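Below are the chains, spelled out letter by letter.
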Amino acid sequence: MEHPAVDALLRLLNRAFEGDSEHSLIDNLKHVSDREWSARPTPGARSIAETVAHAATAKHVYVEHAFGSGKTAWDREFAAVCALPRDEMLTFIREAHGHLASHVASLSDDDLDTRLPVHWWGDPLPVREIIEILIVHDTYHAGEINRLRSILQGNDRWDHYPESPG
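Values in this document were obtained by computation on a predicted structure and should not be read as measured data.

(A) Quick peek at the overall build of the protein chain. If you tally the helices and strands in the protein chain, you get six helices and two strands. Along the protein chain, from the amino end to the carboxyl end, the secondary structure elements read α-α-α-α-α-β-β-α. Viewed in the frame of its principal axes, the protein chain has a C-alpha envelope of about 50 × 35 × 30 Å. Within the protein chain, buried positions represent 45% of all 166 residues. Contacts spanning at least 24 positions in sequence make up 66% of the contacts within the protein chain whose residues lie at least 6 apart. With the model as given, the accessible surface of the protein chain reaches about 9200 Å², and the carbon-plus-sulfur share is 53%. The centroid of the 16 positive side-chain charges in the protein chain is displaced by 4 Å from the centroid of its 27 negative side-chain charges.

(B) Focus on the pattern of salt bridges. Taken as a whole and assessed by the stated rule, the structure comprises eight salt bridges. With a closest N to O distance of 3.1 Å, Arg-46 and Glu-144 form a salt bridge. Of this pair, Arg-46 sits in the loop between α2 (34–38) and α3 (48–67) while Glu-144 sits in helix α6 (residues 127–153), and the two are 98 residues apart along the sequence. Between Asp-138 and Lys-59 there is a salt bridge, and its shortest N-O distance comes to 2.6 Å. Placement of the pair is Asp-138 in helix α6 and Lys-59 in helix α3, with a sequence separation of 79 residues. Both residues of the pair, Asp-138 and Lys-59, belong to the buried class.

(C) Region of interest: the packing of α3 against helix α4 (residues 74–82). The interhelical angle for the contact between α3 and α4, taken along N-to-C directions, is 135°, at an axis separation of 9 Å. Taken as axis vectors, α3 and α4 run oblique relative to one another. Like other packed secondary-structure pairs, α3 and α4 cross with a definite hand, here right-handed. Where α3 abuts α4, its residues Glu-50, Ala-53, His-54, Ala-56, Thr-57, Ala-58, His-60 and Val-61 lie against Trp-74, Glu-77, Phe-78, Val-81 and Cys-82. Taken together, the residues that form the contact of α3 with α4 break down as eight nonpolar, three polar and two charged.

About the thresholds
- Residues numbered from 1 in each chain as written.
- Predicted model: local features only at pLDDT ≥ 70, side-chain atom pairs only at ≥ 80, totals over all residues.
- Heavy atoms only, no water.
- Helix = DSSP H or I, 4+ residues; strand = E, 2+ residues; numbered from the N terminus.
- Buried < 20%, exposed > 50% of the residue type's maximum accessible area, 1.4 Å probe, protein only.
- Contact = heavy atoms within 4.5 Å.
- Areas by Shrake-Rupley, 256 points an atom, 1.4 Å probe, with all protein chains shown as cover.
- Lys, Arg positive; Asp, Glu negative; His and termini not counted.
- Charge placed at Lys NZ, Arg CZ, Asp CG, Glu CD.
- Salt bridge = Lys/Arg side-chain N within 4 Å of Asp/Glu carboxyl O.
- Axes fitted to C-alpha atoms, helices over the stretch in contact; angles between N-to-C directions.
- Parallel < 35°, antiparallel > 145°, perpendicular 65-115°, else oblique.
- Left-handed = near helix turned anticlockwise from the far one by under 90°.
- Nonpolar A, V, L, I, M, F, W, Y, C, P; charged D, E, K, R; others polar.

Spelled out as C-alpha cells, the structure:
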C-alpha cells in the first residue's frame, strides 16, 4: 500500500537531518573543529555542541512522548546529552533520528491526523504537526550551526556573494 503523504514527510525529515549539504543539521557539522564544537562566540551564547544536544534531546523526547512511554523528562535528558563527548552525541542524535524515522515510516497517511500526547506541550498534537515541527527544528538548528561556525572561523562559506555595502 502506498502512503504518499508519509513518504513525502519522511523524505523531508531525512533531508533536514542529513542529506542536503547546505541545509541539513548533520552536514553543517562537517567543517566544525573540536575547538569550535564547544566554543561560544559571545557570552551567553550556546555552543555548537549545546545546539546539537538541544536538537538531539528534542528529537528523543518528542518520540518518547508521541510514540513511547511519555516518561522522558526534558531537563534530565538534556543534561545527559550535553555531558556526552562529541562522537557519542553524534551517535545519540543519529539513533534518535533513526528511531523517529522508523516510527514515521510505519505510519499510513490516515494516521497523520491522529492526535498524540506530547505531555510537556499541553494538548495532544496531530502526528503530521509533530513531524513538521521536527523537520523545521532540524533545519532551524542547521542554520544556527552554520552561522556559529562562520562566526567562530571568521569566514562565510558563501563567498560567492558580493560584500555588503558599508
